[in-house]
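Coordinate inspection notes
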Amino acid sequence: MPKHSRRLLRGIGLVAALALGATACGGSDDDGSSDKKVGSADISAALKKGGTVTVWAWDPTVKTVAAQFEKKYPNVTVKVVNAGTGNDQYKALTNAISAKKGVPDVAQIEYYAIGQYALTKGVTDLKAYGAGKLDGTYSPGPWNSVQSGGGIYGLPMDSGPMALFYNKKVFDKYKIAVPTTWEEYVEAGRTLHKANPKAYITSDVGDAGLTTSLLWQAGSRPYKVDGTKVGIDFSDAGAKKYTDTWQQLIDEKLVAPVTGWTDDWYKGLGDGTIATLPTGAWMPGNFTTGVKNASGDWRVAPMPQWTKGENKSAENGGSSLAMPSLAKNKELAYAFTEFTAAGAGVQTRIDGGAFPATTKDLNSRKFQDTEFPYFGGQKANKIFADSAKAVPSDWKYLPYQVYANSIFNDTVGKAYISGTKLTAGLTSWQDASVKYGNEQGFTVEK
Amino acid sequence: MTGSTGTTATRPAAPPKQAAPRLRTPRRPYSPSRPRRSVLLTVLTAVVLVYSLLPLLWLVLSATKSQEGLSRSFGLWFDRDIDLWHNITETFTYQDGVFLRWLLNTLMYVVVGAGGATLLAVLGGYALAKFDFPGKRAVFAVVIGAVAVPTTALAVPTFLMFSKIGLTDTPWAVIIPSLISPFGLYLMWVFATEAIPTELMEAARIDGASELRTFFQVALPLLAPGTVTVLLFTTVATWNNYFLPLIMLKDPDWYPLTLGLDAWNKQAQTAGGEAVFNLVVTGSLLTIVPLVAAFLSLQKYWQSGLSAGSVKE
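Residues numbered from 1 in each chain as written. Chains lettered and ligands numbered in written order. Predicted model: local features only at pLDDT ≥ 70, side-chain atom pairs only at ≥ 80, totals over all residues. Heavy atoms only, no water.

As recorded in an unreviewed UniProt entry, chain B goes by Carbohydrate ABC transporter permease and comes from Streptomyces citrinus.

The name an unreviewed UniProt entry gives chain A is Sugar ABC transporter substrate-binding protein, with Streptomyces citrinus as the organism.

Okay, structure coming up:
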């Protein structure tokens, strides 16, 4: 009992990963998963019988899909609960798993976070439900992200192949060419900031998601994961490319000191003081609702390359639907997951503004020919789809990336506010991540 | 809040009864009916006043702006379009009118939680002030100790307890902890000691009134100012409660306004999420309106309550 309540206490703690780590080393007496095979006959029988599926998702389109699903299977009720976004939801989920109470049947989990739930068996291996046959359905980045140790722990719901969003009006005004390499990007930043000291090429105050994505694109592979054996190393050539370039932007104060996703940030995107945004393909929706007044100013371009003439991209963000091991209605939960991530729900979500991870939709004429009035009628999906293809699939996140990201600003983030260099920041991030991993029972090597 | 500052600042000083001898004015001793004026203090007060009113002004002005207007206009002046009415209707209709649901939830938490807390504080405070029983000193120690413990520190243990008995994610998880207000109890205790003359209770008893009747007909009216004070404190605490519902509730259908507005605000931080800053701002303005109304309407009771017992008659 005391062991149980201690674990419970940890679970409530502010770091979601804590409890999962404790479970990892403390043996898994609460492993609710069973590896029995569930055939499609079982699933159809369950659909006929009906029941309730509780889904934790913050993505607004999931609600629409749920209604669609209920219409198709009248005996099933899908209860979509927004239990918070990203980290908040992971805390809630971890707490619920620790308390073994109130665990949803399906949960939206971002790619960077799914590893830790997979490793601790917090989520079900969907192979037993036939997810293996979906091999080839998804673009390589997301599909690789939901797999771990031979299991499939979620179905990719959306993806974020990166592109460079840029304010064409600003670029035209100062006669700046759209950069095709990061070198040109820095140069564009200099030109812009010189012409208008209030304008910046982009904003950055240190963002773990952006940094890991840029490392991914630069060819760096800092994380090696093999079960509980983990390697962390930020000293490869790719990491050097990133730090060299980004250090110039920081040193010359070419990036706006504006925190992403705040109202100031939305304001900067709207008034032209933040001129570009290298980010995931899900961004158009946020532009349309959050930066209405700049409609028509922005365009999409392929990501600048680290080496001229290359064509490499990376994923930024994106999430999957996973089934917690303690879920009750697993057959129904899987049916809904597949419906949303691979079935009819995909089109519904695309119509709602989501960016798919399914290759069929990414390559479809209709999808690629969609004109974005916000981007002056540009067929932006073509660029995004090409980017999805150019994502190297061998990237790995840490099994405790949620924790690692939470200390990013205390380590790498220092480079943005004091004279610390990015390289030094990465080294201290590495040290802190190694230390934490070892404390949590992983075998971590630098 | 701002209400009390406003009245004290604007209340005119009573005119002096007779003309003071002008020759000796500079060294007059201080008297409340004829306050000494100080430019420095006036300026400082003005600065503080502006400092505390600016956020409110910003809130009122921003509530008149659309999402676009918020980012294109100066924070402390109007945008070219006034969208206040549109914002208000949008706030109440967005996401199937969930704002109204949050408002009703909050009202429920306040009526049941704060109302119950006040009732318990009045009953307990009266009993502790007017009856002698063994262990009273122990109760005193416990209450004083409880006042010192911040509710935030209790949130996690409370969560664990409620999780054990299966009440998390239900309104009870917010209401039951709100029912306990150690500070309210302490305040009522002190207030009842001063406000109810023991002789009056004895007189009622001699006249044949039961203990219940003595309480309801003699004590309760005398306790009214204190009750209102405690009611205000507990109402504000429950109305603004964020952390307790945050860890207790997962289902947005049971959110109070604080959590709901936070959820709307966070929407802007996700891929595919809709940025609705205008609704967050308007919703915040609508959220403080009932509190301001409560303060204004209960102000005179509240003020007399706070000063009760401070002057010996």
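Side note on the overall build of chain B
Put simply, the rule reads: Helix numbers and strand numbers start at the N terminus; a helix is a DSSP run of H or I with at least 4 residues, a strand a run of E with at least 2. When a residue's accessible area, from a 1.4 Å probe over protein chains only, is under 20% of the maximum for its type it is buried; when over 50% it is exposed; and in between it is partly exposed. Pairs of residues are marked as contacts when any of their non-hydrogen atoms sit within 4.5 Å. Per-residue and other accessible areas follow the Shrake-Rupley method at a 1.4 Å probe size, with only the shown protein chains counted as cover for residues.
In terms of helices and strands, chain B carries 13 helices and zero strands. In chain B, the order of α-helices and β-strands from amino to carboxyl end is α-α-α-α-α-α-α-α-α-α-α-α-α. Residues counted as buried form 36% of the 313 residues belonging to chain B. Restricting to contacts in chain B with at least 6 residues of sequence separation, those with at least 24 account for 69%. Taken as a whole, chain B presents about 18200 Å² of accessible surface, with 69% of it coming from carbon and sulfur.

Describing the side chain of T64 of chain B
Residue and element names in this part refer to chain B. To be explicit about the condition: Polar contact is the term for a pair of N or O atoms within 3.5 Å; when the atoms are in protein, one must be able to donate a hydrogen and the other to accept it, and sequence-neighboring residues count only if both atoms are side-chain atoms.
With respect to the element layout, T64 can be found in the loop between α2 (39–62) and α3 (67–72). Within the structure, the side chain of T64 is placed 2.5 Å from the backbone oxygen of L61, a separation counted as a polar contact. Ignoring anything within four residues of it in the chain, the contact list for T64 reads F78, D81, I82, D83, L84 and N87.

Concerning the pattern of salt bridges
Residue and element names in this part refer to chain A. What counts, and what does not: Any carboxyl oxygen of Asp or Glu that lies within 4 Å of a side-chain nitrogen of Lys or Arg is treated as forming a salt bridge with it.
Summed over the entire model, instances satisfying the criterion amount to 21 salt bridges over all chains. Salt-bridge contacts for D394 lead to R221; the nearest nitrogen and oxygen are separated by 2.9 Å. Residue D394 is located in the loop between α18 (380–389) and α19 (401–406), and its partner R221 is located in the loop between α10 (208–218) and β9 (223–226); the two are separated by 173 residues in the primary sequence. Residue class for R221 comes out buried when judged on its relative accessible area of 15%.

Describing the domain arrangement of chain A
Residue and element names in this part refer to chain A. We count it as follows: What marks off one domain from the next here is an automatic or database domain assignment. Buried surface area refers to the total accessible area, computed with a probe of radius 1.4 Å, that the two partners give up upon joining, counted for both partners together.
In terms of domain boundaries, chain A breaks down into domain 1 (12–159 + 318–357) and domain 2 (162–314 + 394–445). Centre-to-centre, using C-alpha coordinates, domain 1 lies 29 Å away from domain 2. Each partner contributes residues to the interface: domain 1 has 18 residues there, and domain 2 has 19 residues. It is Y112, Q116 and L119 that lose the most area in domain 1 upon contact with domain 2, and together they represent 35% of the buried surface on that side. Along the contact surface separating domain 1 from domain 2 lie zero salt bridges.

Regarding the sheet that holds strand β15 (residues 443–445) of chain A
Whether parallel or antiparallel, the strands of a sheet pair through hydrogen bonds between backbone atoms. All names here are of chain A. Heads up, the rule is: Strands pair, by our definition, only if DSSP identifies at least two bridges between them. The axes are straight lines fitted to the C-alpha atoms, using for helices just the contacting stretch, and the angles between their N-to-C directions are given from 0 to 180°.
Strand order in this open sheet of three strands is β9-β10-β15, and the pairing throughout is mixed. Either end of the sheet is taken by a strand with one partner, and the two such strands are β9 and β15. The average undirected angle you get between the axes of adjacent strands in this sheet is 15°. Across three bridges, strand β10 (residues 229–232) lies against β15 in parallel orientation. Across the sheet, residue V230 finds its bridge partner in β15, namely V444. Packing of helix α22 (residues 422–439) onto the sheet brings it into contact with β9, β10 and β15, and relative to β15 it is tilted by some 160°.

Thoughts on α10 of chain A
All names here are of chain A. Within α10, 10 of the 11 residues are buried, which leaves it mostly tucked inside the rest of the structure. For α10, the set of buried residues is A208, L210, T211, T212, S213, L214, L215, W216, Q217 and A218. Phi turns positive, to about 95°, at G219, one or two residues after α10.

Details of the packing of aromatic side chains
For the record, the criterion: Note on aromatic pairs: the rings of Phe, Tyr and Trp (six-membered ring only in Trp) are paired at centre separations within 6.5 Å, and the planes decide the class, stacked below 30 degrees, edge-to-face beyond 60, tilted for the rest. Counted as over-ring charges are cases with an Arg CZ or a Lys NZ within 6 Å of the ring centre that also lie within 35 degrees of the ring normal.
Counted according to the given criterion, the structure contains 53 aromatic pairs over all chains. An angle of 5° between the planes, with centres 5.3 Å apart, marks the rings of W216 of chain A and W395 of chain A as stacked. Of the two residues, W216 of chain A sits in helix α10 while W395 of chain A sits in the loop between α18 and α19, which places them 179 residues apart along the sequence. Like W395 of chain A, W216 of chain A is buried. Ring geometry for Y374 of chain A versus F375 of chain A: centroids 5.4 Å apart, planes at 85°, classification edge-to-face. When sorted by exposure, Y374 of chain A lands in the same class as F375 of chain A, which is buried. Among the aromatic side chains, those forming a connected cluster through ring pairs are W58, Y90, Y112, Y117, W216, Y223, F234, W395, Y397, F408 and W429 of chain A. The ring of W254 of chain B is capped by R101 of chain B, whose NZ or CZ atom sits 4.9 Å from the centre of that ring.

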